[in-house]
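So you can see what is in the structure, the chains are spelled out below.
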Amino acid sequence: MIKKFLKRVFRKSEKVKTVGNAQVIPFALHGVASVQISYGAKKVTDGLQAAGYQAYVVGGAVRDLLLDKTPKDFDVATDATPEQVRRVFRRSRIIGRRFRLVHVMFGEEVVEVSTFRRMIEAEDAQTDEHGRLLRDNEFGDQEQDAARRDFTANALFYDPSSQEIFDFHRGYADTRDGVLRMIGDPVVRYREDPVRMLRAVRLSAKLDIKLDVATAAPIAKMKDLLDNVPEARLLDEVLKMLLSGHSVECIQQLRKMDLHHGLLPLLDVIWEQPRGEKFIMLALRNTDDRLRQDKTVSPAFLFAALLWPEVRTAWDIRVKNGERPIGAMHEAMDEVLAKQKARMAIPHRHDAVMKEIWLLQQRFEQCSGQRPFRLLEHPRFRAGYDFLLLRCASGEVDDELGLWWDEFQDASSERREEMLQPEKSAEKKRRRRKPRSKPTAGASASAE
Ligand code: ATP
Ligand code: MG
């Protein structure tokens, strides 16, 4: 009898219900438990629901949990307005001008809460002359909120209290099948926001799922629309690709889709350097590995790597023309950075660190006297050393040098003394004749 009852209950809970236009997937089918939701996001959905509002975990987090990946963050969508959300949570603040969101703080965790919004109907929409949406900030209901999202896998709503998933676009089936599919007509959706083409590439590479054929097909023809997207937004998306932990796949995919040349100045750096490609791909693979091991990656290090082949070429030319190495390095760095700045490729704020990493490279070649000891004390030693290892791995510098520094760092004082190489006599003489009274302009930070 009990068995029969349990069987009935169990069967019922395994069934997909339909509520309005949504399919409601029960826990017994999707298997995402509420304990997998972050502390803060659970607090937010609980708090809003207790205050009488609808509240769900949405977007990337639900998708990632279904794919057995760890979500980067947990976003919440609700029918409460930003002001109403603020009233429920004391430690919260409204952010954003274009579309106002609420950040709710729980110690370290910040939960982003957005009010359901809708796509503005074609006739009311403000678009540029290419059909790009300039405004999409109207409140809406849950169904409209699902429809304005990009991919079906990104439009799932998870209710932590019932452990149900609300699905308006068959995103559950797509996610389970490993398919990234655009909601609606891909041509229209790319026109509204061309960045979705890059998101398609990034998300399919990052999640290791395939792009649906109809979603991928228009990209080749529509890629020129990316020219009309503000540079800062493109840079944001490219950075997300490079720091996704799957940059190598993203780059390969961009190339396959012919989405690379002339579109993104930062990426052009990669394509334009046949000589440096090996080094750059190694740097990207190294970045991917670090991110997968939860190690930090500094954008400045990555940029320094992307531009290094160019810096080296400019430096080589100058040294061959008889310039002194350090002066030549300063000029080469300035030339390459000025070129990047003109194209808005790499944010200026990273210049100082990039320069330090580059300048340190010459100092690693000096393994005699007091110089290696002073280099060890340099605040960017670690970044410079990691960079040196990349140069070794790409064949640019002898492996011996990397090994020497590997040992020197951790060696005892006696061993360090043993390791020091004899000073070259010419170098000694020069140093004696020219004491350190006249450093090269601007070289004081890290070069000697
Ligand atoms: P990630 O794991 O990289 O954070 P994500 O899908 O969560 O991926 P976000 O940029 O955090 O990406 O966006 C959160 C959600 O907002 C997405 O899941 C999607 O539903 C929606 N979204 C983001 N960008 C767009 C866009 N350009 N067009 C439509 N919907 C978008
Ligand atoms: Mg996200």
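So, here is what we can say about the structure in this document. (Residues numbered from 1 in each chain as written. Chains lettered and ligands numbered in written order. Predicted model: local features only at pLDDT ≥ 70, side-chain atom pairs only at ≥ 80, totals over all residues. Heavy atoms only, no water.)

In the vicinity of ligand 1 lie 16 residues, with Arg63, Asp193, Arg196, Arg202 and Lys206 positioned nearest. Arginine 63 is positioned with one of its side-chain polar atoms (N or O) 2.8 Å from an oxygen atom of ligand 1. With respect to ligand 1, the backbone of asparagine 154 contributes an N or O atom lying 3.0 Å from an oxygen atom. Looking at the shell around ligand 1, the elements that each hand over two or more residues are α4 (60–66), α9 (195–207) and α12 (231–242). Sorting elements by how many residues they give to the shell around ligand 1 places α9 first, with five residues. (Near = heavy atom within 4 Å. Polar contact = N/O pair within 3.5 Å; in protein donor to acceptor, adjacent residues only side chain to side chain. Helix = DSSP H or I, 4+ residues; strand = E, 2+ residues; numbered from the N terminus.)

On to the packing of helix α16 (residues 299–320) against helix α20 (residues 381–393), then. The geometry of α16 relative to α20 is characterised by a closest axis approach of 11 Å and an angle of 35° between their N-to-C directions. With respect to the hand of their crossing, α16 and α20 are arranged in right-handed fashion. Residues Phe301, Ala304, Ala305 and Trp308 of α16 lie in contact with α20, whose contacting residues are Ala383, Asp386, Phe387, Leu390 and Arg391. Classifying every residue of the contact of α16 with α20 by side-chain character gives seven nonpolar, no polar and two charged. (Axes fitted to C-alpha atoms, helices over the stretch in contact; angles between N-to-C directions. Left-handed = near helix turned anticlockwise from the far one by under 90°. Contact = heavy atoms within 4.5 Å. Nonpolar A, V, L, I, M, F, W, Y, C, P; charged D, E, K, R; others polar.)

Next up on the list: the nonpolar core. If you look at the biggest cluster of nonpolar residues, it comprises 34 residues, and the most contacted ones within it are Leu284, Val311, Met354, Trp358 and Phe387. Looking at this core, the elements that each hand over two or more residues are α12, α13 (247–256), α15 (277–292), α16, α17 (325–342), α18 (351–363) and α20. Here this core takes eleven residues from α16, the largest share from any one element. In terms of nonpolar packing, the next biggest core, distinct from the first, is built from 27 residues, Tyr190, Leu198, Leu207 and Cys250 among them. (Core = buried A, V, L, I, M, F, W, Y, C linked by side-chain atoms within 4.5 Å. Buried < 20%, exposed > 50% of the residue type's maximum accessible area, 1.4 Å probe, protein only.)

Moving on, we come to the sheet that holds strand β11 (residues 164–167). Taken in spatial order, the nine strands line up as β1-β2-β11-β10-β3-β4-β7-β6-β5 in an open sheet, and their pairing is mixed. The strands lining the two open edges of the sheet, one partner per strand, are β1 (17–19) and β5 (92–95). Strand after strand, the sheet turns through a mean of 35° between neighbouring axes, direction not considered. When strand β2 (residues 22–25) meets β11, the two strands line up antiparallel, connected through three bridges. Considered in β11, the bridge of valine 24 is made with phenylalanine 166. Helix α3 (residues 39–50) rests against β3 (55–58), β4 (75–78), β6 (101–106), β7 (109–115) and β10 (156–159) of the sheet, and its axis sits at about 40° to β7. (Pairing = 2+ DSSP bridges.)

This next bit is on unusual backbone geometry. One non-glycine residue with positive phi stands out, namely aspartate 68, at about 60°. You can see aspartate 68 is positioned in the loop between α4 and β4. According to the relative accessible area criterion, aspartate 68 is exposed, its value standing at 73%. Of note, the phi angle at aspartate 208 is positive, near 55°, even though the residue is not glycine. Examined against the element boundaries, aspartate 208 turns out to sit in the loop between α9 and β13 (210–211).

Okay, α15 next. Relative to the 22 Å expected for 16 residues at 1.5 Å per residue, α15 spans 22 Å between its end C-alpha atoms, a close match to the ideal helical length. Among the residues of α15, Phe279, Ile280, Met281, Ala283, Leu284, Thr287 and Asp288 are the ones counted as buried. Of the residues flanking the end of α15, it is aspartate 294, one or two places downstream, whose phi is positive at about 60°. (Expected span 1.5 Å × (residues − 1).)

Where two aromatic rings form a pair, the distance of their centres and the angle of their planes describe that pair. Considering all chains together, one arrives at 16 aromatic pairs under this definition. Here the aromatic rings of phenylalanine 157 and phenylalanine 168 are separated by 6.1 Å at their centres, their planes lie at 85°, and the arrangement is edge-to-face. With phenylalanine 157 in strand β10 and phenylalanine 168 in the loop between β11 and α7 (171–177), the pair connects residues that are eleven residues apart, well separated along the chain. We note that phenylalanine 157, like phenylalanine 168, is buried. Here phenylalanine 373 and phenylalanine 408 contribute two aromatic rings whose centre-to-centre distance is 5.3 Å and whose plane-to-plane angle is 65°, an arrangement assigned as edge-to-face. Here phenylalanine 373 is found in helix α19 (residues 371–377), whereas its partner phenylalanine 408 is found in helix α21 (residues 399–410), with 35 residues between them in sequence. Taken as a pair, phenylalanine 373 and phenylalanine 408 share a single burial class, namely buried. Of the aromatic side chains, those joined through ring pairs into one cluster are Phe364, Phe373, Phe381, Tyr385, Trp404, Trp405 and Phe408. Seen from the ring of phenylalanine 408, arginine 416 lies directly overhead, with NZ or CZ sitting 5.1 Å from the centre. (Phe/Tyr/Trp six-rings, centres within 6.5 Å; stacked < 30°, edge-to-face > 60°. Lys NZ or Arg CZ within 6 Å of the ring centre and 35° of its normal.)

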